[in-house]
Amino acid sequence: MPSHAMAAAPLPNELDVLVVGAGPAGAAVAAQLAGHCRVALVGRAVQAGRAIGETLPAAARVILSDLGVWDAFAAQGHRPAWSRRSLWGSSEIIFQDALFDPHGAGWHLDRKRFDAMLLEAARSRGVPCLVPATLRSLQRQPPGAPMRWRCLIDRVQGDTAHDPLELSCRIVVDATGRAARVARQAGAQVHRDGRLACFHAWVEPPSHEHAGTTMIESDAEGWWYSADLPDGSCVIAWQTDIDLPEARRLRSTADLLEMAHHTALVGARSRGSRVLEPLRVAAAREQWLDAASGPDWLAVGDAGLSFDPLASQGLLNSLVTGSEAATAVRRSLAGDTDALPSWSAWIGTIRAAYRTHHQHYYALEQRWAAEPFWTRRQQVPEAGIGADVTAAPTSPSARSHSSAGTRPA
Ligand SMILES: Cc1cc2nc3c(=O)[nH]c(=O)nc-3n(C[C@H](O)[C@H](O)[C@H](O)COP(=O)(O)OP(=O)(O)OC[C@H]3O[C@@H](n4cnc5c(N)ncnc54)[C@H](O)[C@@H]3O)c2cc1C
């Protein structure tokens, strides 16, 4: 691991690697490449308000340590997720205590501070991080040119927009989340499964009696989760298909709370809550690429593969693929022509494992088997999933980190 104490350097106009996207995946790649090649990161500004995606499984401790950010993470005061109560597949409440998890408790994150901590790790190791900035365009250079890409980047500082910045690089890492901006530009096809959306809001619950407990429960048109967060707020989230009638009726946080009152676990926690933020909707369906890499690019985190939130594995996947991508990129820069092409096959193995778990957990819920939300999820596994996946993960550590766990007990 290179020294972490260097000051962030100015952005050169020729790079070995440009990382696009300043979320967990982009920050992880950039931090792991620091000191090994000429790398820089560009990313959009963080959105106002709280951010969804807050449950970090306990297994993340290993990768946070490998990334050299464990101490910084531990000092941030995220809330331990001690237990989980679920109502899934029967009317019996299942209680799971982290005491019986070999990794211990996971966390309910202050997501914005978590992302900022990771980005700071890249910065403090000397990676020029241009944030806020947006990748405007990518142009592939003629075969044989050592600098494979010409990139145009839009910068904004305060209220001032600058002329776009132009730079060249050998490899581009797509860490743009579900936008998969680089992959699409490189010619990859984006595939999406279903219409799952997450309606969510943050509220202040009347008590913190259930702090540290994740609640998960299904209903006729989808499933709920809720968790108390480090700032004292509580996230309430309902996953459903965007075209179903209840989804179309939802307009406000008050509507969401009203619906939640009819549930057992989430309702008990949220009754009497004060609304903190307006209702938001996020795309939550699985998304994948026909190819997650090419000879001069690769996709990490959600850009390469994004999960149904039932998996609760998006962040872990972003950190693991971010870290492993740094190894693949270094091998490629050292002349290994298989390093980037084989990346796509590895992402395929993660997807195959995820699909198996995903189908298993949805199949456990049969109480509303005739309802459209559940009928759509009781289908026979997609033919050929994982059939062409042959490559092993790039390193043994990838094997120990990668996981396709799923929320319910
Ligand atoms: C409803 C919901 C609930 C979830 N809950 C959980 C959970 O409990 N636990 C969990 O582990 N995961 C959860 N996830 C998934 C998790 O949030 C994602 O897996 C994770 O954020 C992916 O990180 P990333 O770095 O790949 O992408 P992102 O976090 O999406 O970051 C991508 C960044 O790239 C930027 N970007 C996009 N285009 C450009 C461009 N052209 N130029 C520059 N920058 C660009 C974006 O603005 C963004 O900042 C959830 C997801 C959803 C939708």
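Residues numbered from 1 in each chain as written. Predicted model: local features only at pLDDT ≥ 70, side-chain atom pairs only at ≥ 80, totals over all residues. Heavy atoms only, no water.

Participant: Quick question: what am I supposed to make of the side chain of Glu217 here?
Facilitator: You can see Glu217 is positioned in strand 15 (residues 213-219). Separated by 3.0 Å, the side chain of Glu217 and the backbone nitrogen of Ala264 make a polar contact. Only 2.7 Å separates the side chain of Glu217 from the backbone nitrogen of Leu265, close enough to count as a polar contact. Beyond its immediate sequence surroundings of up to four residues, Glu217 is in contact with Leu87, Trp88, Trp223, Trp224, Thr263, Ala264, Leu265, Val266 and Gly267. (Helix = DSSP H or I, 4+ residues; strand = E, 2+ residues; numbered from the N terminus. Polar contact = N/O pair within 3.5 Å; in protein donor to acceptor, adjacent residues only side chain to side chain. Contact = heavy atoms within 4.5 Å.)

Participant: Can you help me understand the sheet that holds strand 20 (residues 286-289) in this one?
Facilitator: Within a sheet, each strand pairs with its neighbour through backbone hydrogen bonds, oriented either parallel or antiparallel. An order of 13-20-23 is seen for the three strands of this open sheet, with the pairing classed as antiparallel. The open sheet terminates on both sides in strands that have one partner only, identified here as strand 13 (190-193) and strand 23 (305-306). Note: strand 20 against strand 23, two bridges, orientation antiparallel. Of the residues in strand 23, the one forming a bridge with Gln287 is Ser306. Packed onto the sheet, helix 10 (residues 341-364) meets strand 13, strand 20 and strand 23 and runs at close to 155° relative to strand 20. (Pairing = 2+ DSSP bridges. Axes fitted to C-alpha atoms, helices over the stretch in contact; angles between N-to-C directions.)

Participant: So what exactly am I meant to see when it comes to the packing of aromatic side chains here?
Facilitator: Given two aromatic rings, their pairing is described by the distance between the two centres and the angle made by the two planes. Counted according to the given criterion, the structure contains 15 aromatic pairs. With a centroid separation of 5.2 Å and 70° between ring planes, the pair formed by Trp343 and Trp346 is classed as edge-to-face. Taken together, the residues Trp343 and Trp346, both in helix 10 and three residues apart, mark about one turn of the helix. As far as the burial class goes, Trp343 and Trp346 line up, both buried. Taken together, Trp88, Trp223, Tyr225, Tyr362, Phe373 and Trp374 form an aromatic cluster joined through their ring pairs. When the ring centre of Tyr362 is taken as origin, the NZ or CZ atom of Arg377, which lies over that ring, is 5.6 Å away. The ring of Phe373 is capped by Arg377, whose NZ or CZ atom sits 3.7 Å from the centre of that ring. (Phe/Tyr/Trp six-rings, centres within 6.5 Å; stacked < 30°, edge-to-face > 60°. Buried < 20%, exposed > 50% of the residue type's maximum accessible area, 1.4 Å probe, protein only. Lys NZ or Arg CZ within 6 Å of the ring centre and 35° of its normal.)

Participant: Looking at this model, I keep getting lost on the packing of helix 1 (residues 24-33) against helix 4 (residues 111-124). Mind explaining?
Facilitator: At a closest axis distance of 8 Å, the pairing of helix 1 and helix 4 adopts a crossing angle of 20°. As the angle between them shows, helix 1 and helix 4 are arranged roughly parallel. The two elements helix 1 and helix 4 cross, and the hand of that crossing is left-handed. Contacts between helix 1 and helix 4 pair Pro24, Ala27, Ala30 and Ala31 from the former with Arg111, Phe114, Asp115, Leu118, Leu119, Ala121 and Ala122 from the latter. (Parallel < 35°, antiparallel > 145°, perpendicular 65-115°, else oblique. Left-handed = near helix turned anticlockwise from the far one by under 90°.)

Participant: Would you explain the pattern of salt bridges in this entry?
Facilitator: Side-chain pairing between opposite charges can occur once the charged atoms of the two side chains come close. For the coordinates displayed, the defined rule picks out 22 salt bridges. Across the salt bridge formed by Arg170 and Asp16, the nearest N and O atoms sit 3.5 Å from each other. Of this pair, Arg170 sits in strand 12 (residues 165-174) while Asp16 sits in strand 1 (residues 14-20), and the two are 154 residues apart along the sequence. Arg170 sits in the partly exposed class, given a relative accessible area of 31%. With a shortest N-O distance of 2.8 Å, Arg367 and Glu365 are connected by a salt bridge. Among the ionic contacts, a cluster of salt bridges with common partners joins Arg195, Asp241, Asp243, Arg376 and Arg377. (Salt bridge = Lys/Arg side-chain N within 4 Å of Asp/Glu carboxyl O.)

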